[in-house]
Amino acid sequence: SKPTEPQKLGLDIQENVIGYPYSTRVGSTTYSGNIEKFANEYHGSVSGLLGVSAIGPSVNQVEEHLGNLISFFA
C-alpha cells in the first residue's frame, strides 16, 4: 500500500511570499523592516520595535500604517 502524505498546514511559503524592503526616518533615527505578500494581503513589520506590524491590501497602505506606528512608539 502507498504511504499517506502528511497534511499541509498554513501557506506554502515558497510559492506565495513576495518581499519588499521598508525604511523610514523619524527624527535622527532610521527604521527598517520588511513587507511581505501572503496570497492577497501584505504583512509588514519593523525590526527593533516590538509590536510595530501592519496588514493591508497594498504595500502603500502597510507603509502608511507602519509609519504611523513608528511615530507613536519611537
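Within the protein chain, the regular secondary structure consists of 2 helices and 4 strands. In sequence order, the secondary structure elements of the protein chain are arranged as α-β-β-β-β-α. Split into buried and exposed, the 74 residues of the protein chain put 23% on the buried side. Restricting the contact set of the protein chain to residue pairs at least 6 apart, pairs at least 24 apart contribute 19%. Only carbon and sulfur atoms are counted for the fraction: they give 51% of the accessible area of the protein chain, which is about 5600 Å².

Between its first and last C-alpha, helix H2 (residues 59-73) extends 21 Å over 15 residues, near the 21 Å set by a 1.5 Å rise per residue. Residues Val59, Val62, Leu66, Gly67 and Ile70 constitute the buried set of H2. Along H2, the residues classed as buried sweep out an arc of 140 degrees about the axis, all on the same side. Exposed positions of H2 whose direction lies more than 90 degrees from the buried face are Asn60, Glu64 and Phe72.

For the protein chain, per-residue confidence averages 81 on the pLDDT scale, and 77% of positions sit at 70 or higher. Looking at the elements of the protein chain, mean pLDDT is at its lowest for helix H1 (residues 13-16), recorded as 46, and at its highest for strand E4 (residues 53-56), recorded as 97. In this model, residues 3-15 is a region of pLDDT below 50 whose contacts with residues beyond four sequence positions or in other chains number 3 contacts.

Below, the discussion takes up unusual backbone geometry. A positive phi angle, near 55 degrees, is found at Ala39, a position not held by glycine. By the secondary structure assignment, Ala39 is in the loop between strand E2 (29-38) and strand E3 (41-46). For Ala39, a relative accessible area of 42% gives the class partly exposed.

Residues Tyr22, Tyr31, Ile35, Tyr42, Val46, Leu49, Val52, Ala54, Val59, Val62, Leu66 and Ile70 constitute the largest nonpolar core, which totals 12 residues. Secondary-structure elements contributing two or more residues to this core are E2, E3 and H2. Beyond its immediate chain neighbours, meaning those up to four positions away, Val52 contacts Gly44, Ser45, Val46, Leu66, Leu69, Ile70 and Phe73.

Scoring rules and cut-offs
Residues numbered from 1 in each chain as written. Predicted model: local features only at pLDDT ≥ 70, side-chain atom pairs only at ≥ 80, totals over all residues. Heavy atoms only, no water. Helix = DSSP H or I, 4+ residues; strand = E, 2+ residues; numbered from the N terminus. Buried < 20%, exposed > 50% of the residue type's maximum accessible area, 1.4 Å probe, protein only. Contact = heavy atoms within 4.5 Å. Areas by Shrake-Rupley, 256 points an atom, 1.4 Å probe, with all protein chains shown as cover. Expected span 1.5 Å × (residues − 1). Arc of directions from axis to C-beta. pLDDT = per-residue confidence, 0-100. Core = buried A, V, L, I, M, F, W, Y, C linked by side-chain atoms within 4.5 Å.

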